[in-house]
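# Examination of the molecular architecture
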Amino acid sequence: MFSALLAMGAIAITLGAVLGFAAIRFRVEGNPLVDKIDAVLPQTQCGQCGYPGCKPYATAIAEGTADINLCPPGGEEGIHKLADLLGTEFKPFGGSTVPKPKSVALIDESTCIGCTLCIQACPVDAIVGAAKQMHTVIAAECTGCELCVPPCPVDCISMVPIMETTSNWKWKYPVYAMTPSTPS
Amino acid sequence: MRKLYTFHGGVHPDTCKAQSNGRPIAKAKLPSKLVIPLRQHVGHGARVVVEVGEHVKKGQIIGQAEGHVSSSVHASTSGTIAAIDMQPVAHPSGLPELCVTLIPDGLDEWVTLEPLEDWRGIPHSDLRHRLRNAGVVGLGGAVFPSDMKLYAHKHKIRTLVLNGAECEPYITCDDLLMRERAEEILMGAELMRELLHADEVLIGIEDNKPEAIAAMQNAASKHSSMEAIAVPTIYPGGGAKQLIRVLTGIEVAAGVRSTDLGVQCFNVGTAYSAWRAIRFGEPLISRIVTVTGNVASPQNFEALIGTPIAELIAEAGQLPGTTGIIMGGPMMGVLLPSDKAGVIKATNCLIAASDALFPPPKPVLPCIRCTRCAEVCPAELQPQDLYWFARAKNLAKAEDYHLFDCIECGACSYVCPSNIPLVQYYRFAKSEIWAQQAGQKAADAARERHEFRESRLEREKREKAEKLAAKEKAAAKGASPPVTDKQNAEPVDEMQRKIQAAIDQAKAQAATVKPRNTEQLTPQQMAEIAEIEARRARIREIAQASTDAQPRE
C-alpha cells in the first residue's frame with residue numbers, strides 16, 4: 001500500500017517536472033494565432049480596417065476585439081479564409097466597405113516637388129526619392145494602400161488599377177448552357 | 001529491335017494529317033507587314049533596341065534578351081520599323097503585348113552573320129550565348145529558351161530525347177521538317193548532345209509518319225549513338241514525359257525533372273533552329289507552320305515570325321464557312337480571338353475551323369462518374385475528381401489531387417460521354433492557383449518590407465535619442481549647471497526635443513564663451529559706456545512717452 005503510494009507519488013513528481021521543464025523550454029513567445037491570421041491578411045498595411053497595419057488587425061482579431069470583415073483589400077475570399085481559420089461563420093462586408101480593384105500608386109513626376117511626405121507615409125518603402133528630388137513609385141513593391149495619396153501637397157499621386165496582361169491573365173470559369181431536361 | 005514501353009491511357013483521335021503532309025514545305029510570301037511580339041517565350045520579355053523609323057536588316061536584333069530566362073527577338077526581314085506599340089498577340093486572351101511592327105522593303109537583305117565552320121572548339125558558354133542571342137526557344141510548344149536547358153546538369157544526362165512524335169491531329173510541321181531536313185536536325189542534335197554531355201540521342205517518331213522515319217533513320221545511320229525510333233501512334237505520345245517513358249522506360253514522377261533522371265528532351269524543330277543558329281549564325285526568324293483545316297490547299301509554310309495569321313491563312317486559300325482560327329492542334333490548341341496577330345515562335349499549326357470540321361460542342365450533361373477520363377489520362381490522374389474540385393473552386397483540394405501534373409492534353413474531354421469541357425476547368429483552376437500564389441508572394445514581400453521599415457524607424461529613433469543624450473552629456477560636462485531644470489522636463493515630441501537641444505546648445509555656448517570686452521576696461525571706455533547707457537535710457541523714455549500719448553488700438 002505504502003510502496004504503491006510512493007510509486008504513484010514518484011511518477012507524479014517526475015511527470016510534473018517534465019511538464020514544467022517543457023513549459024519553460026518550449027515556451028512560445030506571443031500568440032501563434034496572430035501570425036496565422038497575419039499570414040492570411042493581404043499585407044497592404046493600408047489601415048482601412050481601422051488598425052495601423054495588418055499585424056495590429058491580426059492581433060485584434062486574435063483577441064476577439066475586431067470583426068473578420070474589415071479588410072477590403074483581402075476581398076470576400078479573405079473573409080472566407082479568416083472564417084475557415086477561426087472556425088467562425090462567413091460575414092459579408094458591412095455597409096461602406098467595398099473591395100476596390102487592385103491598383104498601384106503613380107506619381108506624376110512633372111508635378112512632384114520632392115517634399116518626401118509620401119515617402120514617409122509609405123508603409124513598405126515603395127517610394128524612392130530625396131528632398132527636392134523627384135520621387136517615383138516602385139510599382140512592383142506598391143501594395144496599393146493609398147496612404148501616400150492624402151499627404152501629397154500638390155496632389156500628384158493617383159491610383160492606377162492594375163491592367164490585365166497576358167502574364168496575369170486567367171482562364172475563365174467555364175460557362176455553358178446546361179441541357180434542357182427532356183420531358184418524360 | 002529496341003524494347004519500347006507504354007504509358008497509361010491515351011486515345012486514338014482521327015489524325016487528319018494526310019491533308020497537309022502531301023505537299024512540300026513552301027516558303028510563305030513576304031507579308032505586307034510583320035507584327036513581332038517582344039515576348040514570345042517563357043520568362044522576361046526582350047528589351048526593345050530599335051526605334052520607330054529605323055531601317056533594320058533581316059536577322060538584326062530588335063529585342064535584346066534581358067533577365068535570367070529570356071531570349072532575343074529579331075527582325076524577320078529587312079525593312080522599316082513602323083511602330084513599337086501594344087498589339088493583340090496570338091494568345092487565347094486576345095490581350096495586347098508590346099510588338100514591333102516592321103514594314104518589309106522587299107529586299108530581304110541579311111545582316112552580317114557570324115557563321116561557325118566548326119563549333120567543336122568553341123567553349124560551351126559561348127555556344128549557349130550564341131543560342132540566346134539567336135533567340136532559339138523550344139518550338140514544340142513550351143517556348144522555353146533553349147540555352148537554359150543545354151548545360152551539363154548536376155545529374156549526368158545519359159539520353160537526349162528528340163521529340164518528333166507529333167501526336168496531335170492535323171499538325172504535320174515536324175513531319176515535313178524531318179522528311180526534308182533530317183541531316184540538319186541531326187547536326188543540331190549532335191550539338192545539343194555535346195552541350196549536355198549526353199551519351200545517346202533517341203529520336204521518337206510516331207509510326208504514322210513512315211517517310212519521316214525513313215529519312216531520319218537514314219540520316220541517323222551516319223552518326224554514332226543516334227537512333228530514330230518508330231513509336232506507336234497514340235495520343236498524347238508526343239508529350240515529353242510520355243515519349244521519355246516510351247523510349248527509355250523512365251517514369252518522370254510528379255515534381256521531378258527529367259534531367260534529374262538523366263534525360264533531356266527537345267523538339268526536332270528546336271534542334272534544327274539551334275543548328276542554323278550555331279553553324280550559319282541565323283537567328284530564329286522563321287518556323288514551319290502547318291496551315292490546314294478549312295482551306296483550299298492545306299500545307300506547311302516556312303513563315304517569318306510576325307507574319308499576320310490572316311495573310312498566312314489566305315495563302316493556303318481560306319474557304320468560306322470559316323468560324324475561327326485555332327492555333328495548335330484541335331486537342332490542345334487555343335481559339336485565337338483575332339487573326340490580325342502575327343505568327344510567333346510557338347505557332348506550329350493554324351487550323352481554319354468550320355462547323356463541318358468542328359461541330360459546335362454538344363450540350364453538357366452532368367458527370368456520371370464513369371471514370372472513362374481516368375482510364376485515358378496519361379498522367380494517371382483522377383480527372384473526374386479534379387473536375388469536381390475545380391468546379392467547386394476547391395483549389396487546395398485540386399492541388400492535393402496533383403492538378404499540376406495535368407498536361408492539358410484533352411484526352412479526358414475527348415472521351416467524356418457527358419461532353420464536359422474538363423480541360424477548361426483545369427486551366428481555370430491552374431491559373432486561379434497561380435494568381436493566388438502570386439498574391440501570397442506579394443503579401444509576404446510586403447510584410448517583410450513593412451517589418452523592416454518598422455524596425456528601421458525604431459532604430460532611427462533610438463539612434464537619435466542616443467545621440468542627443470551624448471550631446472547633452474558633453475554639454476553638461478563643459479558648461480555650468482544653469483539648464484538642468486529645463487532638461488528634466490521631458491520634451492513631448494521629436495520637434496520639441498530638437499528645439500530644446502538647439503536652445504541648450506546655444507546656452508552652453510554662451511556660457512563657455514565669455515565676452516571679452518566687458519572686463520579690464522580703461523576709464524575712458526567706462527565713460528563711453530556710461531554715456532551710451534545714458535543715451536539709451538533717454539531714447540527709451542522718449543519712446544515710452546510717445547506710445548503713451550498714442551495708444552494703439
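As the structure is a computational prediction, the values presented were derived from the model and not from experiment.

### Re the overall build of chain A
From N to C terminus, chain A includes five helices and four strands. Helices (α) and strands (β) of chain A occur, in sequence order from the N terminus, as α-α-α-α-β-α-β-β-β. Against the compact-globule benchmark of 16 Å for 184 residues, chain A has a radius of gyration of 26 Å, which places it well outside the compact range. Seen through its C-alpha atoms, chain A measures out along the principal axes to roughly 90 × 75 × 35 Å. Per-residue burial over chain A gives 30% buried out of 184 residues. Of all intrachain contacts in chain A linking residues separated by at least 6 positions in sequence, the fraction that spans at least 24 positions is 48%. For chain A, the exposed area adds up to about 11400 Å²; of that, 64% sits on carbon and sulfur atoms. Charge separation in chain A, taken as the distance between the mean sites of 11 positive and 16 negative side-chain charges, equals 5 Å.

### A few points about the domain arrangement of chain A
Residue and element names in this part refer to chain A. For chain A, the assigned domains read domain 1 (32-86) and domain 2 (101-166). Distance from the C-alpha centre of domain 1 to the C-alpha centre of domain 2: 24 Å. Here domain 1 meets domain 2 over a buried area of about 360 Å², counting both sides, of which 58% is carbon and sulfur. For domain 1, the biggest contributors to the area lost against domain 2 are T44, Q45 and C46; these three give 83% of the whole. On inspection of domain 1 and its partner domain 2, the count reaches zero salt bridges. Run the count over domain 1 and domain 2 and you get one residue pair in polar contact (both at pLDDT 80 or more). Looking at side-chain class alone, the side of domain 1 that touches domain 2 contains one nonpolar, four polar and no charged residues.

### Considering the sheet that holds strand β1 (residues 26-27) of chain B
Residue and element names in this part refer to chain B. Taken together, the six strands give an open sheet; going across it, the order is β1-β14-β13-β17-β15-β16, and neighbouring strands pair in mixed fashion. Of all strands in the sheet, those with a lone pairing partner are β1 and β16 (334-336), marking the two edges. Judged from the two bridges that link them, β1 and strand β14 (residues 299-304) form a sheet pairing that is parallel. Opposite K27, over in β14, you have E302 as the bridge partner. This element, helix α2 (residues 173-180), spans β13 (286-293) and β14 of the sheet and lies at about 125° to β13.

### Section: the packing of aromatic side chains
Scanning the model with the defined rule gives nine aromatic pairs over all chains in all. With centroids separated by 5.7 Å and ring planes inclined at 45°, the aromatic side chains of Y170 of chain B and F358 of chain B adopt a geometry described as tilted. Remark: F358 of chain B occurs in the loop between β17 (349-354) and α8 (372-376) and Y170 of chain B occurs in the loop between β9 (159-163) and α2; sequence separation between them is 188 residues. Residue classification places Y170 of chain B among the buried residues on the basis of a relative accessible area of 4%. Accessibility expressed as a relative area gives 23% for F358 of chain B, which makes it partly exposed. Measuring from centroid to centroid gives 5.1 Å for Y387 of chain B and Y425 of chain B, while their planes differ by 80°, and the two rings are edge-to-face. Note that Y387 of chain B is positioned in helix α9 (residues 383-391) and Y425 of chain B in helix α12 (residues 422-478), a separation of 38 residues in sequence. Grouping residues by exposure puts Y387 of chain B and Y425 of chain B together as buried. Three or more aromatic residues joined by ring pairs form one cluster here, namely Y173 of chain A together with Y387, W388, Y425 and F428 of chain B. The side chain of K149 of chain B reaches across the aromatic face of F266 of chain B, ending 4.2 Å from its centre.

### Some words on the pattern of salt bridges
Applying the stated criterion across every chain yields a total of 36 salt bridges over all chains. We note a salt bridge from R130 of chain B to E114 of chain B, for which the minimum N-O separation is 3.8 Å. Taken together, the positions of R130 of chain B in helix α1 (residues 124-133) and E114 of chain B in the loop between β8 (96-104) and α1 put the pair 16 residues apart, joining distant regions of the chain. Classification of R130 of chain B by relative accessible area gives partly exposed; the value is 25%. Measuring nitrogen to oxygen at the nearest pair gives 2.7 Å for the salt bridge that ties E282 of chain B to R276 of chain B. Relative accessible area serves as the criterion here: at 19%, E282 of chain B is assigned to the buried category. A single network of salt bridges, built from pairs that share partners, joins D125 of chain A together with R453, R456 and E460 of chain B.

### Structural notes on a nonpolar patch on the surface
There is a patch of nonpolar side chains on the surface, built from M1, F2, L5 and L6 of chain A and spanning about 550 Å² of accessible area. Note on placement: L5 of chain A falls in helix α1 (residues 2-25).

Definitions and limits used
- Every chain's residues receive numbers from 1 upward, in the order its sequence appears when written.
- As they are written, the chains are lettered A onward and the ligands numbered 1 onward, keeping that order.
- Confidence filtering applies because this is a predicted model: local features only for residues at pLDDT of at least 70, side-chain atom pairs given and counted only at 80 or more, and all residues used for totals across whole chains, interfaces and linings.
- Only hydrogens and water are set aside; all other atoms, that is, all heavy atoms of the structure, feed into the side-chain values.
- Counting from the N terminus, the helices are the DSSP runs of H or I reaching at least four residues and the strands are the DSSP runs of E reaching at least two.
- For the radius of gyration, the atoms used are the C-alpha atoms, and the globule rule reads 2.2 Å times the number of residues raised to 0.38.
- Exposure categories follow from relative accessible area, calculated using a 1.4 Å probe and restricted to protein chains: below 20% of the type maximum is buried, above 50% is exposed, and the middle band is partly exposed.
- Residue contacts are counted whenever heavy atoms from the two residues lie within 4.5 Å of one another.
- In these tables, accessible area is a Shrake-Rupley quantity obtained with a 1.4 Å probe, and a residue counts as shielded only by the protein chains included in the view.
- The sign given to each residue is positive for Lys and Arg and negative for Asp and Glu; His and the chain ends receive no count.
- Where a charge lies is defined by one atom per residue type, namely NZ (Lys), CZ (Arg), CG (Asp) and CD (Glu).
- Segmentation of the chain into domains, including their bounds, is taken from an automatic or database domain assignment.
- We define buried area as the total accessible area lost by two parts upon association, computed with a 1.4 Å probe and summed across both.
- Only one rule defines a salt bridge in this text: a Lys or Arg side-chain nitrogen within 4 Å of an Asp or Glu carboxyl oxygen.
- Nitrogen and oxygen atoms within 3.5 Å of one another constitute a polar contact, given that in protein one can donate a hydrogen and the other can accept it, and given that sequence-neighbouring residues count only through two side-chain atoms.
- Any residue that is not Ala, Val, Leu, Ile, Met, Phe, Trp, Tyr, Cys, Pro, Asp, Glu, Lys or Arg is counted as polar, Gly included; the first ten are nonpolar and the last four charged.
- At least two DSSP bridges between two strands are needed for those strands to be called paired.
- Every axis corresponds to a line fitted to the C-alpha atoms, with the helix fit spanning only the stretch in contact, and the corresponding angles, defined between N-to-C directions, vary from 0 to 180 degrees.
- We call Phe, Tyr and Trp rings a pair once their centres come within 6.5 Å, taking the six-membered ring for Trp, and we label the pair stacked below 30 degrees between planes, edge-to-face above 60, and tilted otherwise.
- Criterion for a charge above a ring: Lys NZ or Arg CZ within 6 Å of the ring centre, and within 35 degrees of the ring normal.
- Within this analysis, patches are made of residues with over 30% relative accessible area and no salt bridge. Like charges are joined at 9 Å or less; nonpolar side chains (Val, Leu, Ile, Met, Phe, Trp, Tyr) at 5 Å or less.

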